[in-house]
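Architecture at a glance
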Amino acid sequence: MLKVYLSGEIHTDWREQIIKGAQGLDVEFSAPVTDHAASDDCGVTILGAEDKKYWHDHKGAMVNAIRTRKGLADADVVVVRFGEKYKQWNAAFDAGYAAALGKSLIILQQPEHDHALKEVDAAALAVAREPGQVVQILRYVLTGQLPA
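All of the points below concern the structure found in this document. Values in this document were obtained by computation on a predicted structure and should not be read as measured data.

**Points about the overall build of the protein chain**
- Each helix and strand counted, the protein chain has six helices and five strands in total.
- The secondary structure elements of the protein chain, listed N-terminal to C-terminal, are β-α-β-α-α-β-α-β-α-β-α.
- Taking 15 Å as the expected radius of gyration for a compact globule of 148 residues, we find that the protein chain reaches 16 Å, a close match to that expectation.
- With respect to the principal axes defined by its C-alpha atoms, the protein chain has extents near 55 × 35 × 25 Å.
- The burial tally for the protein chain puts 38% of its 148 residues in the buried class.
- Long-range pairs, those at least 24 residues apart, make up 59% of the contacts in the protein chain with a sequence separation of at least 6.
- For the protein chain, the exposed surface amounts to about 8,800 Å²; the carbon and sulfur share of it is 55%.

Here is the structure:
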């Protein structure tokens, strides 16, 4: 079984596309919490309210980091998606962390981000443009079969 961690942009259905496309493959997927409000508020909901937004966000980031570190550590392959609309600093951090752990890294991004992400891309084993290409990579890794 191949364990794949799906990191990055949370505003589109790219994860669902990969999971659906990989049906029938021996793959187990994991991901960060993609409910934006839950992810932002987990720290203060569990550990108590904060008066300052910085500490509110900091608590959430620390609690989320527990899940993220576990997901990255357990993964055989890490897919990091950089979306078009938002600057995803957390995605860049996850990509760097995965690279430092020696994980097989696939970056999913649009061509307009090639220059900005050139160092991130250089650490990856593949740079895909669409979720279907990620599925094709996973299928090839697991079965040795090329797309028809």
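Right, picking up where we left off after that structure.
**Some remarks on the layout of surface pockets**
- Size it by volume and the largest pocket reaches roughly 810 Å³.
- Every residue lining the largest pocket is counted, 27 residues in all, and those nearest its centre are Ser39, Asp40, Ala61, Asn64 and Asn90.
- Mapped onto the lining of the largest pocket, the elements with two or more residues apiece are strand S1 (2–8), helix H2 (36–47), helix H3 (53–74) and helix H4 (89–100).
- For the lining of the largest pocket, the class distribution of residues is eleven nonpolar, ten polar and six charged.

**Let's talk about the side chain of glutamate 9**
- Note on placement: glutamate 9 falls in the loop between S1 and helix H1 (14–21).
- The class for glutamate 9 is buried, based on a relative accessible area of 4%.
- A distance of 2.5 Å separates a polar atom in the side chain of glutamate 9 from the backbone nitrogen of histidine 11.
- Contacts of glutamate 9, omitting those with residues within four sequence positions, involve Trp14, Arg15, Arg81, Gly83 and Gln88.

**Concerning the pairing of strand S2 (residues 27–30)**
- Relative to S2, S1 is paired through four bridges, and the arrangement is parallel. Counterpart to valine 4 in the pairing with S2 is phenylalanine 29.
- Crossover connection from S1 via H1 to parallel S2: handedness right-handed.

**Details of the environment of arginine 69**
- Considering the arrangement of structural elements, one finds arginine 69 in helix H3.
- Separated by 46 residues in the primary sequence, arginine 69 and histidine 115 place their C-alpha atoms 27 Å from one another.

**Comments concerning the packing of aromatic side chains**
- Evaluation of the coordinates by the stated rule reveals two aromatic pairs.
- With centroids separated by 4.7 Å and ring planes inclined at 85°, the aromatic side chains of tyrosine 54 and tryptophan 55 adopt a geometry described as edge-to-face.
- The exposed category is assigned to tyrosine 54, whose relative accessible area is 54%.

**Looking at the packing of H2 against H3**
- Running from N to C, H2 and H3 cross one another at 95°; their axes reach a closest spacing of 7 Å. Relative to H3, the element H2 lies roughly perpendicular. Counting all contacts with H2, which are made through Ser39, Asp40, Asp41, Cys42, Gly43, Val44, Ile46 and Leu47, the residues of H3 involved are His56, Lys59, Gly60, Val63 and Asn64.
- Of the residues in the contact of H2 with H3, the class split is five nonpolar, five polar and three charged.

Conventions adopted
Along each chain, the written sequence defines residue order, and numbers are assigned to residues from 1. Whole-chain, interface and lining totals are the exception, using all residues; otherwise, since this is a predicted model, local features are given only for residues with pLDDT of at least 70 and side-chain atom pairs are given and counted only at 80 or more. To get the side-chain values, all heavy atoms of the structure are used, and hydrogens and water are removed first. Each helix is a run of H or I in the DSSP string that is no shorter than four residues. Each strand is a run of E no shorter than two, and both are numbered from the N terminus. Every radius of gyration here is taken over C-alpha atoms, with the globule rule written as 2.2 Å times N^0.38, N being the number of residues. The buried label applies to any residue whose accessible area, calculated with a 1.4 Å probe on protein chains only, is under 20% of its type's maximum; exposed applies above 50%, and partly exposed to all values in between. Contact between two residues is taken to exist if any of their heavy atoms lie within 4.5 Å; hydrogens are not considered. To be clear on the numbers: accessible area is Shrake-Rupley with a 1.4 Å probe, and residue cover counts the displayed protein chains and nothing else. The method works on a 1 Å grid over the protein atoms by themselves. A cavity is a set of points holding a 1.4 Å probe that cannot get out, a pocket is an open set with protein on both sides within 12 Å along at least five of seven lines, and residues with an atom within 4 Å of a point line them. Grid points are joined across faces, edges and corners, and a volume is the space filled by probe spheres set on the points. Under this grouping Gly is polar, as are all residues other than the nonpolar Ala, Val, Leu, Ile, Met, Phe, Trp, Tyr, Cys and Pro and the charged Asp, Glu, Lys and Arg. For this analysis, a polar contact is any N or O atom pair within 3.5 Å, provided that within protein one partner can donate a hydrogen and the other can accept it, and provided that sequence-adjacent residues contribute only side-chain to side-chain pairs. Between any two strands, pairing holds if DSSP finds at least two bridges. Crossovers are marked right-handed if the path from the first strand over the helix to the second runs clockwise, as seen with the strands pointing away from the viewer. Whether two aromatic rings pair depends on their centres lying within 6.5 Å, for rings of Phe, Tyr and Trp, where Trp uses its six-membered ring; planes under 30 degrees apart make the pair stacked, over 60 edge-to-face, and the rest tilted. Each axis is a line fitted through C-alpha atoms, taken for helices only over the stretch in contact, and angles between the N-to-C directions span 0 to 180 degrees. Angles are sorted into four bins: roughly parallel if under 35 degrees, roughly antiparallel if over 145, roughly perpendicular if 65 to 115, and oblique for all others.

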